Structure formats: C-alpha cells, structure tokens
Amino acid sequence: MRVDVITIFPDYLSPLREALLGKAIDKGLLELGVHDLRKWTYDVHKAVDDSPFGGGPGMVMKPQVWGEALEEVCAGAVTRGSTPRLIVPTPAGRPFTQAVAEELARESHLVFACGRYEGIDQRVIDDAATRMPVEELSIGDYVLVGGEVAVLAIVEAVVRLLPGVLGNPASHQQDSFSDGLLEGPSYTRPVVWKDREVPEVLRSGNHAAIARWRRDRALERTFERRPDLLAALPDSELDKQDRKL
Ligand SMILES: Nc1nc2cc(Br)ccc2s1
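Because the structure is predicted, anything quoted here is derived from the model rather than measured.

Regarding its fold elements, the protein chain presents nine helices and nine strands. Its C-alpha atoms give the protein chain principal-axis dimensions of about 70 × 40 × 40 Å. Here the protein chain holds 245 residues, and 41% of them are scored as buried. Pairs at least 24 apart in sequence give 73% of the contacts found in the protein chain among residues at least 6 apart. Entry remark: accessible area of the protein chain is about 14,300 Å², with carbon and sulfur atoms responsible for 54%.

Let us now look at the pairing of strand β5 (residues 85–95). Relative to strand β6 (residues 109–113), β5 runs parallel, the two sharing three bridges. Considered in β6, the bridge of Leu86 is made with Val111. Across six bridges, β5 lies against strand β7 (residues 134–138) in parallel orientation. If you follow Ile87 over to β7, its bridge partner there is Glu135.

Next up on the list: the pairing of strand β1 (residues 2–7). Extensive coverage of β1 is indicated by the burial of six of its six residues. Both faces of β1 are covered, namely the face carrying Arg2, Asp4 and Ile6 and the face carrying Val3, Val5 and Thr7. Note: β1 against strand β2 (residues 31–36), six bridges, orientation parallel. In the strand pairing of β2, Thr7 is matched with Asp36. Where the polypeptide runs from β1 across helix α1 (residues 19–26) and back to β2, its parallel neighbour, the crossover connection is right-handed. Examined bridge by bridge, β1 and β6 share five bridges and lie parallel to one another.

Now for the nonpolar core. As a rule of thumb, nonpolar side chains are buried together in soluble globular proteins. The biggest cluster of nonpolar side chains holds 29 residues, and the ones touching the most others in it are Val3, Phe96, Leu104, Phe112 and Val158. Those elements that place two or more of their residues in this core are β1, α1, α3 (98–104), β6 and α5 (148–159). With seven residues, the single largest contributor to this core is α5. With residues up to four places along the chain from it excluded, the contact list for Phe96 reads Ala101, Leu104, Leu137, Ser138, Ile139, Ile154, Ala157 and Val158.

Ordered in space as β2-β1-β6-β5-β7, the five strands form an open sheet in which the pairing is parallel. Since the sheet does not close on itself, it has two edges, and those belong to β2 and β7, each with one partner. Within this sheet the neighbouring strands show an average axis-to-axis angle of 30°, counted without direction. Along the sheet face, α5 touches β1, β5, β6 and β7 and points at about 165° away from the line of β6.

This brings us to the site of the ligand. Around the ligand, the structure places 13 residues, and the nearest of them are Pro89, Tyr117, Tyr142, Leu144 and Gly147. In this structure, Tyr142 approaches the ligand through a main-chain N or O atom, which is 2.8 Å from a nitrogen atom. Between the ligand and Leu144, the relevant distance is 2.9 Å, taken from a nitrogen atom to a main-chain nitrogen or oxygen of the residue. A total of 320 Å² of accessible area belongs to the ligand in isolation, and the protein chains cover 94% of it. Here the residues of the shell around the ligand sort into seven nonpolar, five polar and one charged.

Averaged over every residue, the pLDDT of the protein chain is 94; residues scoring 70 or more account for 98%. Across the interface, the model reports ipTM at 0.97; the global pTM reads 0.94.

Cut-off values and rules
Residues numbered from 1 in each chain as written. Predicted model: local features only at pLDDT ≥ 70, side-chain atom pairs only at ≥ 80, totals over all residues. Heavy atoms only, no water. Helix = DSSP H or I, 4+ residues; strand = E, 2+ residues; numbered from the N terminus. Buried < 20%, exposed > 50% of the residue type's maximum accessible area, 1.4 Å probe, protein only. Contact = heavy atoms within 4.5 Å. Areas by Shrake-Rupley, 256 points an atom, 1.4 Å probe, with all protein chains shown as cover. Pairing = 2+ DSSP bridges. Right-handed = clockwise from strand over helix to strand, strands pointing away. Core = buried A, V, L, I, M, F, W, Y, C linked by side-chain atoms within 4.5 Å. Axes fitted to C-alpha atoms, helices over the stretch in contact; angles between N-to-C directions. Near = heavy atom within 4 Å. Polar contact = N/O pair within 3.5 Å; in protein donor to acceptor, adjacent residues only side chain to side chain. Nonpolar A, V, L, I, M, F, W, Y, C, P; charged D, E, K, R; others polar. pLDDT = per-residue confidence, 0-100.

What follows is the structure, given as structure tokens:
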C-alpha cells in the first residue's frame, strides 16, 4: 500500500515512520510520502488560506494551492496505473470505524488531505471527486486543530491490518469491534498482584471454558459501555448461550 499525506505541518506525521509502521516501511509493506502543501504556493508569504466568502470567523484553505498539490501527488498514481482514494479528515465526515479501516486496508493507494483553519474550499473536494473516489471521514465528535492527528489514527488503524504488519495475524481477528463487540479484560503474570488474582478459568487450560468466559466478558462490557453496538449486532451473531447473559 502507498500512502501520501499533504499537510502544512509535515513533521506532525513523523510518528508514521516509527515502531510498527516504520517496520512496515522497512519491509516494503507500506510506502509513505509526506508533502508540504506550501510547496505549491508562489507568493513570498506562502499563503495557503484566505478569508471565507459570506464572512464568519477563521480562514479557509485556498483551492488553487490544494488543486495543484492533489494534481501532482495523484498524477503519480496515474503513471502507476492505480487510482488513489482521497481521504479528507473532518468532523463533518462519515464516522471512521473498524469496518471502514478494513475497507481502506483493501486499497492500494490512499491520499490524505490535512485541512487546517475552517477547512478546505469545497470546490477542491468536488473537483477531485470527478477524478477519484473521495471520502470525508470523522474520527469522533470533537474538533481538532487540523487533520494531521486524524491521519495518524486512520493510517495506524488501516496499516496494522495489512498482511505481514502484525507479528501474529490472529491479533486483529480478536480486535475490539472485529466481532462487533468490545474486547474484554486481559491478564498476564503474576497470578496475584496487589491481592488481585487472575480469574481461575484463564489458568484452567480448558479452552472451551476460556472462550466462553471471554465471550461473556466481551458481551458484558459491550452492554455496559456501548449498548449501541449490541443493538446493531445481527441476531445471527448471538448464540443461545449469549442470550442467557
Ligand atoms: N475531529 C477532527 N477535527 C478536525 C479539525 C480540522 Br481543522 C481538520 C480535520 C479534523 S478531524
């Protein structure tokens, strides 16, 4: 997978070259390009924003600068024969969920546009959508100062799903949300810590009982913290034992 990020703060994306994602780059599983939006400005102040039509607070990011940046960054994809998917993080976007991460993990090329200020001139999105799939995504109902932190979260959630990135592929098959439920509690050594003992069943070696216990704790936690996820589960996903809880 290739990921390109366009931003006015390239250094904000440095964490994508660290740890697991850095290893994915070293292994050739991920190609990462980070581009400074100001490369496509020509004035002495390298201006990327201007006042909003209709008035109101803040500034809007200029269409000309973004148009040229996307033209150049996405043009590379055309020569590679793969149309990129443009992702624009915004509080007004479609909720980014594990299911969306799995969908994006199947793409060969993602381009991220990091907005700042009051956002990017809408015509940039509308124009790009005539040439490639464009998706505005929200990572939560709160407002950040820019899209860079959202890109860090989205890229990490997507790239960890790529084959070969996680040491143990089974890890993400037991993720929270992978079966529609929150993950339950986990324990490791010592057996007793501050007078708190690891549940006996987890030390029993009885794999069926352990699987049942884990499922029950996941159902309980989901019911307590995210009843909306439980309500969204298809009936077929809950077995007879689940319904006894
Ligand atoms: N939750 C989010 N807040 C923001 C703010 C800006 Br400015 C750009 C993107 C995002 S995503």
